[in-house]
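Summary of the model geometry
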Amino acid sequence: MSRFTSNLVSRVRPGHREPGNLGFLLLVVVAIWGAAFMFGTRSLVDIATLSLIQMAIVIGLYMYIGESGVFSFGHIAFVAIGAYVAGILCIPEATKAVIYPDMPGFLSNTSTPWYVALLAGGAAAGILALVVGLMTFRSPPMNAALATFALLLGLNVVLEQWSAVTNGTGGITNIETIDPWLALAVVAIVITVVWFISGTRQSRMLRASREDVFAARAIGINVERLRLRSFVSSAVVCGLAGALFAQTQGTISPSLFFLPLTLLTLAMLVIGGQSSLTGAILGSVVVTVWSEFLARGESGDLFPFELPASSTQLGIGLLLLLVLIFRPDGLTRGWEFLIGRRRRGSDDGLPPMQTATPVSREPVPDGGGERPD
Amino acid sequence: MDTLVQDIISALALGSLYAIYALPIALLFGVMRLINFAHGELIMVAGFALYLSRDLGLASILVALVACVVVALMTERVAFRPLRDANASTLLISSFAASFVLQNLAFVIFGSLPKTFSIADWMLESVSIWGIDVSWLVILTIASALVWFVLLALFLERTTLGIKMRAAAEDFNMARMCGIPANLVIAIAFSITAALAVTGAFFLTMRSGAVSPSIGIEPVVLGFVATVIGGLGSLRGAIAGAYLLGGLTVLFQVMLSGTILDFRDALVYGVVFLVLVLRPEGILGTATPEGRA
């Protein structure tokens, strides 16, 4: 890559050159969840486990939406695939024969260790994403986003109707569960890998295309190929998160992987700030705390009165709307948390490059629904 | 022969209903690049307004209209106006959020149990035309859709405001620079979608006999599907897509059986996926590739 190219890529956003401080991110996640697992009551451990998995989904979303700037409304389909593949593989054989006698072929007598099922879940999601991505990656971003949404709607029908394998709307139960600590370890590894990937040259080029797709193309960045690459890798992360979901909850059903989870995880990403890994993690923490606060209010533990049912969902929707209106780049505004580095300005002696804020002025190529300013 | 005619009539009725769901989505996409998933919640609001004022008989439609226009304008003011310059995906997320808020507000206020009611029982009775039994509901659904097509065509072709709206759909910023009041055009567009939501809610609740907070999800997804099949942003495409969807639904119902019927909706979404990827201008090619009206 020419010097000019690397300059542009590294100056994409002042203070944004590095993908944040890995040690700090990991420390925060492991400390919060470790404390919850160690000292928490049973219900707190359950809440913490679920939120950990939601965080993994949001990190998966960040890998594609955050780095490429293209939205996807169907990533929960990959979570569902991961969950079902891992879930079916993790039912003990004896149970399987009794509860799911209709399960076809090799599925009926296969059960694997949790880590094999976990990897299978991620791989299945990755393969589906590769097939979908190869079909959509040349489409305008808006069409690709809506096509993934159609994928989610269609997959939901399949999960509900393909009773022999998925047990229909009732879902799959009796999945062998794993210790929350194992889930924490897996998520920590996922964060490390995602952090590593977002430091690679390809990821920087992708982020450059997010900031200015025309300039990125002009210097020879193959935007579509990079988007496809990040689409597949983010789907793998989502599939792993889905597998962890099945393995920690023990029960899955189609309605768990549909519009509410789509909105919840997108809300976490947008609230935290979609263009940084810190934002993805922060957003999932903030939304979890906020929704737990409201849930306590609903059950009457918090206030002298009870908040009406559904207040939690209402509160999440309102928070998302407020952030979209008043802080459209999210709480972190695209900043990564850096320790021991200058957060502003560039150290190559050049003045900071003026960049448009991604949400309001991000250029979208050919008919992606963007109106020229 | 009779069953064939019956099937065609039910396909037309279903297509008309889908067109009433799809037109608002196509209209707002044309004017402001917004795929308004909160439209389902306008239908829900209209449904509850009809339910609350059910004792007024058909006058409850007016109550629903007022309520729905107010909510539509409020949604626009709160969720969409601050983001008008944002890209389509951000608007879409905002419409998801607005839809989520309104739906959960309804859960908070009305609870999750469906409320059964019927405004006009006589509509469920059938009349015999040339030996074929048709319910008034079916006749009125088809008729009101046709009335809407004519009204919208007259509005967009013959009135100044309609021409301004088409100009805004063509190039929003250019239209603004030529002195077209953006807020007015968008407010009118939202009011039209509110009126369409009331029409849709009326026939939907008459068919199902009940209203619940989640009633709006299916119509908005159907409307979205019809709009995509017809080509995003084209009103004619949306209508054609809606009748195509209605026809296919009835056709699948008649022709397919058992397992395949269970997966019917998955097939439909598969078609949507392929259209979006391979033919973004719609199956009929009525929309230009950029999705302009």
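Residues numbered from 1 in each chain as written. Chains lettered and ligands numbered in written order. Predicted model: local features only at pLDDT ≥ 70, side-chain atom pairs only at ≥ 80, totals over all residues. Heavy atoms only, no water.

A closer look at the interface of chain A and chain B
This is how the line gets drawn: We call two residues in contact when some of their heavy atoms are within 4.5 Å. Buried area is a sum: the accessible area each of two parts loses on coming together, probed at 1.4 Å, counted once for each and added. One side-chain nitrogen of Lys or Arg within 4 Å of one carboxyl oxygen of Asp or Glu is enough to make a salt bridge. As used in this structure description, the phrase polar contact means that two N or O atoms lie within 3.5 Å; if the pair is within protein, one of them must be able to donate a hydrogen and the other to accept it, and residues adjacent in sequence are counted only when both atoms belong to side chains. Runs of E in the DSSP output that reach at least two residues are strands. Runs of H or I that reach at least four are helices, and both are numbered from the N terminus. Each residue gets one label: Ala, Val, Leu, Ile, Met, Phe, Trp, Tyr, Cys and Pro are nonpolar, Asp, Glu, Lys and Arg are charged, and the others, such as Gly, are polar.
Contacts between the two partners involve 44 residues from chain A and, on the opposite side, 46 residues from chain B. Both sides together, the interface formed by chain A and chain B hides about 4,100 Å², and carbon and sulfur atoms give 77% of it. Inspection of the chain A/chain B interface yields zero salt bridges. Scanning the region where chain A abuts chain B turns up one residue pair in polar contact (both at pLDDT 80 or more). For the side of chain A that touches chain B, the elements supplying multiple residues, two or more each, are helix H6 (114-136), helix H7 (141-161), helix H13 (259-272), helix H15 (311-326) and helix H16 (358-361) of chain A. Split into classes, the residues belonging to the side of chain A that touches chain B amount to 28 nonpolar, 13 polar and three charged.

A few points about the packing of aromatic side chains
For the record, the criterion: Stacked, edge-to-face and tilted labels apply to pairs of Phe, Tyr and Trp rings (six-membered ring for Trp) whose centres lie within 6.5 Å, assigned for plane angles under 30 degrees, over 60, and everything in between, in that order. Relative accessibility thresholds used throughout: buried, under 20% of the residue-type maximum; exposed, over 50%; partly exposed, between the two (1.4 Å probe, protein chains only).
Applying the stated criterion to the full structure yields 20 aromatic pairs over all chains. Aromatic pair Phe 37 of chain A and Trp 181 of chain A: ring centres 5.6 Å apart, planes at 65°, arrangement edge-to-face. One end of the pair, Phe 37 of chain A, is in helix H2 (residues 22-39); the other, Trp 181 of chain A, is in helix H9 (residues 180-198), and 144 residues separate them in sequence. Phe 37 of chain A sits in the buried class, given a relative accessible area of 9%. Centre to centre, the rings of Phe 149 of chain A and Phe 96 of chain B are 5.8 Å apart; their planes meet at 65°, and the pair counts as edge-to-face. On the criterion of chain membership, the pair formed by Phe 149 of chain A in helix H7 and Phe 96 of chain B in helix H4 (residues 88-110) is interchain, its members lying in two chains. Residue classification places Phe 149 of chain A among the buried positions, given a relative accessible area of 1%. One aromatic cluster in this structure is built from Phe 71, Phe 73 and Phe 149 of chain A together with Phe 37, Phe 96 and Phe 224 of chain B.

Some thoughts on the nonpolar core
Among soluble globular proteins, nonpolar side chains are generally buried collectively. Let me state the cut-off plainly: Nonpolar core, defined: a set of buried Ala, Val, Leu, Ile, Met, Phe, Trp, Tyr and Cys residues in which side-chain atoms within 4.5 Å join the residues together.
Grouped together as the largest cluster of nonpolar side chains are 210 residues, with contacts concentrated most on Phe 73, Ile 191, Ile 252 and Phe 257 of chain A together with Ile 35, Met 165 and Val 225 of chain B. Aside from chain neighbours lying at most four places away, what touches Val 225 of chain B is Leu 245, Val 268, Tyr 269 and Val 272 of chain B. Counting residues in hydrophobic clusters, the runner-up holds eight residues, among them Leu 206, Ala 216, Ile 221 and Leu 226 of chain A.

Focus: the environment of Thr 136 of chain A
By secondary structure assignment, the location of Thr 136 of chain A is in helix H6. On a C-alpha basis, the gap between Thr 136 of chain A and Thr 148 of chain A in space is 8.6 Å, while along the polypeptide they are twelve residues apart.

Focus: the side chain of Ser 89 of chain B
Relative to the helices and strands, Ser 89 of chain B is located in helix H4. For Ser 89 of chain B, a relative accessible area of 11% gives the class buried. Leaving out residues up to four positions away in the same chain, Ser 89 of chain B has contacts with Phe 71, Phe 73 and Met 142 of chain A.

Brief notes about the environment of Ile 88 of chain A
Residue and element names in this part refer to chain A. Following the sequence through the fold, Ile 88 ends up in helix H4 (residues 75-89). Residue Ile 88 is classed as buried on the basis of its relative accessible area, which comes to 5%. Considering only alpha carbons, one finds Ile 88 and Leu 182, 94 residues apart in sequence, at a separation of 19 Å. When sequence neighbours within four positions are dropped, the list of residues in contact with Ile 88 reads Lys 96, Met 103, Leu 107, Thr 110, Val 165 and Ile 172.

Let's talk about the state of the cysteines
Put simply, the rule reads: Cysteine sulfur atoms are paired as a disulfide whenever they come within 2.5 Å of each other.
Taken as a whole, this structure holds zero disulfides over all chains when the rule is applied. Here Cys 90 of chain A is not cross-linked by a disulfide; its sulfur's nearest cysteine counterpart is in Cys 238 of chain A, at 19 Å.

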